[in-house]
Amino acid sequence: MTGEAVVIGAGIGGLATAVALHQRGWRVSVHERAASLEPVGSGIGMAPNALRALDVLGVGDAVRARAVRQDGVALRRSTGGVLATTSAEAFERAYGDTVMALARAELVDFLRDGLPADRLHLSSEVQLLDHGSHDRPALLATPEGEVRADFVVAADGLRSPTRATLFPDHPGPEYSGFTTWRTIVHAPSGPLPVGETWGPGAAVGVVPLADGRLYLYAAAHVPPGERAADSDERAELLRRFGQWFDPIPRLLASADSEQVLRHDVWELVRPLREFNRGRVALVGDAAHAMTPFQGQGACQAIEDAVVLAAELDRAQDRASLAGYSAARVPRTTTVASRSRRVAGLIAWRSTPAVALRDALMRCGGLLPEKLVVRAAAPMLDWAPPLQPAGNMPPGGEAPPSTGKR
């Protein structure tokens, strides 16, 4: 089944879905209301489940070649003590890959390169007028006028206007309690605290990237809407984390103030019952915005892309996508719930609570590594649906039917 498809939003989920549909012969147009794509000051980790989905899209090997394998990852106290460690080898044995990190803009470029240049329309805000049905196309308002589409993918983000149109009774996103900072810096010489460090109501992450760079992120449990005085978020980072163990303050001090991104974290606490209505399907944050504390938001969006494309192949008509919701709603709800539980632990801030949390994490770190790795199975042990032989990406092979390779 092919036809005219419109993708609303050119984030990772929107571009991944556009590539998946384009590979299957759909005539895809992607409309992004912003004048440019993803911000440059952010990194991203691709977990084994996402790498399998990227293999289906034909870009998995390119991502692996550019990304940095995350090894020697540890969870630490803000004083520097190690609570738990994991090795890349253990994850590779269990899941075929480990987490690979690259700049977010690089991943966007890999996905964009999978589309003809004329399919991406920037500064193009689109509004859904009619979600369509089995006997009529969807209708959208675009800057060029009204457009009819055989299928619409809504990847229009956390505050998705399309979600509000399709599901007007849903309460929408809720504040998670956290604000986050992200930036990329040059890596200094010497050992680095790769992984996450937890303090009272806060966390800092250090992620190696290619070309001698580091992706730094931080989170703090604060009221929504707060911003640094004089808009100097680097100074705010140093105020909050300047007393943590070395080299965290030095790493944060090396950031360019103009390149520090700050965003409050909102999530869909109440899951949607379905991700599709009529000829429209939601993907990514529009469907299941979650906190970042399991590193799975973009990974789940890429999964959405390949599952949705496969379901469209199987569907009797474009308004019969119950299989997509049946596959994605329970899975994304589980992943989001896991991330929310981790957020709850990071939010602990009293001295007794932090001591208890650290003791629990330390006990977890003493478990056999095999058990720690297998605890991630609900997220990582996922395989994409098999593709029909005629729908392989160029040079591709059918993905494995299990989560291990």
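Before going into details, it helps to say that this report is about the structure given with it. (Residues numbered from 1 in each chain as written. Predicted model: local features only at pLDDT ≥ 70, side-chain atom pairs only at ≥ 80, totals over all residues. Heavy atoms only, no water.)

### Comments concerning the packing of aromatic side chains
Phase 1 of the analysis: Tallying each qualifying case throughout the model produces 8 aromatic pairs.
Phase 2 of the analysis: Chaining the aromatic ring pairs together yields one cluster made of Trp181, Phe241 and Trp244. (Phe/Tyr/Trp six-rings, centres within 6.5 Å; stacked < 30°, edge-to-face > 60°.)

### Structural notes on the nonpolar core
When a protein is soluble and globular, its nonpolar side chains tend to lie buried together.
Phase 1 of the analysis: Membership of the largest hydrophobic core comes to 81 residues, with the highest contact counts inside it found for Met46, Leu54, Leu57, Leu107, Leu111, Ile302 and Leu308.
Phase 2 of the analysis: Sequence-distant contacts of Leu54, defined by excluding residues within four places in its chain, comprise Met46, Val59, Gly60, Val63, Leu107, Leu111 and Ile302.
Phase 3 of the analysis: Counting residues in each nonpolar core, the second largest holds 19 residues, with Leu214, Ala220, Trp244 and Phe245 among its members. (Core = buried A, V, L, I, M, F, W, Y, C linked by side-chain atoms within 4.5 Å. Buried < 20%, exposed > 50% of the residue type's maximum accessible area, 1.4 Å probe, protein only. Contact = heavy atoms within 4.5 Å.)

### Quick look at unusual backbone geometry
Phase 1 of the analysis: The omega angle of the peptide bond from Asp246 to Pro247 is 15°, so this bond is cis rather than trans.
Phase 2 of the analysis: Its location among the elements puts Pro247 in the loop between helix H7 (233-241) and helix H8 (248-253).
Phase 3 of the analysis: At Asp230, a position not held by glycine, the phi torsion is positive, near 60°.
Phase 4 of the analysis: Topologically, Asp230 is positioned in the loop between strand E16 (213-221) and H7.
Phase 5 of the analysis: A positive phi angle is found at Ser231, which is not glycine, with a value near 60°.
Phase 6 of the analysis: Along the polypeptide, Ser231 turns up in the loop between E16 and H7.
Phase 7 of the analysis: According to the relative accessible area criterion, Ser231 is exposed, its value standing at 64%. (Helix = DSSP H or I, 4+ residues; strand = E, 2+ residues; numbered from the N terminus.)

### Looking at the pairing of strand E1 (residues 4-8)
Phase 1 of the analysis: A large share of E1 lies buried, amounting to 4 of its 5 residues.
Phase 2 of the analysis: Strand direction decides the pairing type here: E1 and strand E2 (residues 27-31), joined by 5 bridges, are parallel. Pairing of Val6 across the sheet is with Ser29, part of E2.
Phase 3 of the analysis: Read as a crossover between parallel neighbours, the route from E1 over helix H1 (residues 12-23) to E2 is right-handed.
Phase 4 of the analysis: Of the pairings in the sheet, the one linking E1 to strand E12 (residues 151-154) comprises 4 bridges and is parallel in character. Bridged to Ile8 within E12 is Ala154. (Pairing = 2+ DSSP bridges. Right-handed = clockwise from strand over helix to strand, strands pointing away.)

### Regarding helix H10 (residues 297-314)
Phase 1 of the analysis: Between its first and last C-alpha atoms H10 spans 26 Å; for 18 residues at 1.5 Å apiece the expected length is 26 Å, and the two agree.
Phase 2 of the analysis: In terms of residue burial, H10 counts as a mostly covered element, since 15 of its 18 residues are buried. (Expected span 1.5 Å × (residues − 1).)

### Regarding the pairing of E16
Phase 1 of the analysis: Taken across its 9 residues, E16 has 7 buried, putting it largely inside the fold.
Phase 2 of the analysis: Pairing of strand E15 (residues 202-209) with E16 involves 8 bridges; the strand directions are antiparallel. Residue Ala202 lies in a different strand from E16, and its bridge partner there is Ala220.
Phase 3 of the analysis: Linking E15 back to E16 in an antiparallel pair, the connection comprises 3 residues, with Asp211 at a positive phi of about 65°.

### What to know about the sheet that holds E1
In a beta sheet, neighbouring strands are held together by backbone hydrogen bonds and run either parallel or antiparallel to one another.
Phase 1 of the analysis: The 6 strands are arranged E8-E2-E1-E12-E19-E18 in an open sheet whose pairing can be described as mixed. Among the strands making up the open sheet, the edge pair consists of strand E8 (120-121) and strand E18 (276-277).
Phase 2 of the analysis: Here E12 runs beside strand E19 (residues 280-282); their pairing, made up of 3 bridges, is parallel. Residue pairing in the sheet places Ala154 in a bridge with Leu282 of E19.
Phase 3 of the analysis: The strands touched by H1 within the sheet are E1, E2 and E12, with E2 carrying the most contacts at an inclination of about 170°. (Axes fitted to C-alpha atoms, helices over the stretch in contact; angles between N-to-C directions.)

### Quick word on the sheet that holds strand E6 (residues 82-86)
Phase 1 of the analysis: Spatially, 7 strands are ordered E6-E5-E14-E15-E16-E13-E17 in an open sheet, and the strand pairing comes out mixed. The open sheet is flanked by E6 and strand E17 (261-267), the only strands paired with a single partner. This sheet shows a mean twist of 20° between the axes of neighbouring strands, independent of strand direction.
Phase 2 of the analysis: Taken together, the 5 bridges between strand E14 (residues 195-199) and E15 define a ladder with antiparallel strand orientation. Bridging from a neighbouring strand, Glu196 pairs with Gly205 of E15.
Phase 3 of the analysis: This element, helix H12 (residues 351-365), spans strand E5 (73-77), E6 and E14 of the sheet and lies at about 35° to E6.

### What about the environment of Asn49?
Phase 1 of the analysis: Tracing the sequence through the fold places Asn49 in helix H2 (residues 48-56).
Phase 2 of the analysis: Look at Asn49 and you get buried, because its relative accessible area is 0%.
Phase 3 of the analysis: Placed 50 residues apart in sequence, Asn49 and Val99 show a C-alpha to C-alpha distance of 9.4 Å.
Phase 4 of the analysis: Contact partners of Asn49, with chain neighbours within four places excluded, come to Gln296, Cys299, Gln300, Glu303, Arg331, Met379, Leu380 and Trp382.

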